Amino acid sequence: DPDLLALPVVPLTVSMEILAEAAAYLAPGLVLTGMRDVRAYRWILVEDGAIDLQVIARRTAAADATEFFVVLREADGPVAPNGTPILEGTMIFAPAYAPAPLATPWTLREARPSRWQATDTYERGMFHGPAFRAVSAVRTCSEEGAIAELVGLPVKGLLRSCPEPTFVAEPIILDAAGQVVGLWALEQLPSEFVVFPYRLQALECYGPALRASARARCQVRSTLHDGGLITSTIEVVDQEGRIRLRLRGWEDKRFGLTHRFHDFLLSSARTPLSEPW
């Protein structure tokens, strides 16, 4: 809608999906079982319109798995082809998923009900549109982390060029797992509570994408570090109590905004910055 003031952002997990799809060309018949050392160096900027991307995947010398190192760059941009990429990481494939381990329910010290249990989670908390609103509620929260509920969303209509896409990774649920960290920061931190992810140490996948309307539990344990950083361990657990996704070393950068300015960014019509005289 050209009448809306929006910042077009390509989510990190969609960029991770691009890496996985490139590697999948070199791994026919295999499934993505994980990622390692994923690092984003800058945004995919699309506010000036469509851009062309260059994706390079090469097989590594892994002994026990089929691994590919993938680099994503802007094909014709300000960064030289051999310069700093947009995103890079190692994609891990195998003939089949490993057996999903049983999850251990996490106990958070001094946990309390979260404020993000109402319908305004995406009105006053996160900025995402309907296609990425996969956090149905955050049940409990503490200084250690949060426990949330996720729901599988339909992918039909998500991409204009492909009405019913099939993803190699699981970008929507992965993004929702990161959203739980953001909601935890909004509720827990008095300042620098706006966070954006830029690095992932390891991702473990134990099954195909969550079906539309299927429910899952998201367990997040986060640690604050100097320099405005947050490191989180995240588990997405299905209704059978088995781990579907595990993220180790999910790193976010914190940004300092006032709560009033944050509310203004989400809804400038409802929360103006100015005051009447």
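Up top is the structure these notes are about.
Residues numbered from 1 in each chain as written. Predicted model: local features only at pLDDT ≥ 70, side-chain atom pairs only at ≥ 80, totals over all residues. Heavy atoms only, no water.

J.: Looking at this model, I keep getting lost on the side chain of Thr90. Mind explaining?
T.: Within the secondary structure, Thr90 sits in strand β4 (residues 87–94). Under the relative-accessibility criterion, Thr90 is labelled buried at 7%. Look past the residues within four positions of Thr90 in its chain and what remains in contact with it is Gly34, Met35, Arg36, Asp37, Glu67, Phe68 and Phe69. (Helix = DSSP H or I, 4+ residues; strand = E, 2+ residues; numbered from the N terminus. Buried < 20%, exposed > 50% of the residue type's maximum accessible area, 1.4 Å probe, protein only. Contact = heavy atoms within 4.5 Å.)

J.: Before we go on, may I ask you to explain the side chain of His128 in this structure?
T.: Summarising the element assignment, His128 is placed in the loop between α2 (121–125) and β6 (135–141). Within the local environment of His128, its side chain forms a polar contact with the side chain of Asp175, the two groups lying 3.2 Å apart. When residues no more than four places from it in sequence are discounted, the contact partners of His128 are Tyr122, Arg133, Asp175 and Gln179. (Polar contact = N/O pair within 3.5 Å; in protein donor to acceptor, adjacent residues only side chain to side chain.)

J.: What's the story with the sheet that holds strand β5 (residues 112–113) in this structure? I'm lost.
T.: Within a beta sheet, neighbouring strands are joined by backbone hydrogen bonds and run either parallel or antiparallel to one another. The eleven strands are arranged β2-β3-β4-β1-β8-β11-β10-β9-β7-β6-β5 in an open sheet whose pairing can be described as antiparallel. Every interior strand has two partners, whereas the edge strands, β2 (53–59) and β5, have only one. Here β2 pairs with strand β3 (residues 66–74) via seven bridges, running antiparallel. In the strand pairing of β3, Ala57 is matched with Val70. (Pairing = 2+ DSSP bridges.)

J.: For this particular structure, what's the right way to read helix α1 (residues 12–24)?
T.: A rise of 1.5 Å per residue sets the reference length of α1, with its 13 residues, at 18 Å; its end C-alpha atoms lie 18 Å apart and thus fit the reference within 8%. Listed in full, the buried residues belonging to α1 are Leu12, Thr13, Ser15, Met16, Glu17, Leu19, Ala20, Ala22 and Ala23. (Expected span 1.5 Å × (residues − 1).)

J.: Looking at this structure, I do not really get a nonpolar patch on the surface. What am I missing?
T.: Together, Leu7, Val9, Trp43 and Leu45 give the surface a local cluster of nonpolar side chains, amounting to about 400 Å² of exposed area. Note that Val9 resides in the segment before α1. (Patch = residues over 30% accessible without salt bridge, like charges linked within 9 Å, V, L, I, M, F, W, Y side chains within 5 Å. Areas by Shrake-Rupley, 256 points an atom, 1.4 Å probe, with all protein chains shown as cover. Salt bridge = Lys/Arg side-chain N within 4 Å of Asp/Glu carboxyl O.)

J.: Whenever I open this one, the pattern of salt bridges confuses me. Can you help?
T.: Where charged atoms of side chains with opposite charge meet at close range, the side chains can pair. A complete count under the given rule lists 14 salt bridges for this structure. Among the salt bridges present, the one from Arg199 reaches Glu251, with a minimum N-O distance of 3.8 Å. Here Arg199, found in strand β8 (residues 194–205), pairs with Glu251, found in strand β11 (residues 243–255); they are 52 residues apart in sequence, far enough to count as distant. Here the salt bridges share partners, and the residues they tie into one network are Glu204, Glu235, Arg246 and Arg248.

J.: Would you explain the packing of α1 against helix α3 (residues 171–188) in this entry?
T.: Geometrically, a packed helix pair is captured by the angle between its two axes and the distance between the axes. At their nearest, the axes of α1 and α3 sit 8 Å apart, and the two run at 145 degrees to each other. As α1 packs across α3, the resulting crossing turns out to be right-handed. Listed contacts from α3 to Thr13, Val14, Met16 and Glu17 of α1 are Pro171, Leu174 and Asp175. Considered class by class, the residues forming the contact of α1 with α3 number four nonpolar, one polar and two charged. (Axes fitted to C-alpha atoms, helices over the stretch in contact; angles between N-to-C directions. Left-handed = near helix turned anticlockwise from the far one by under 90°. Nonpolar A, V, L, I, M, F, W, Y, C, P; charged D, E, K, R; others polar.)

Just geometry here; none of it tells us what the structure is for.
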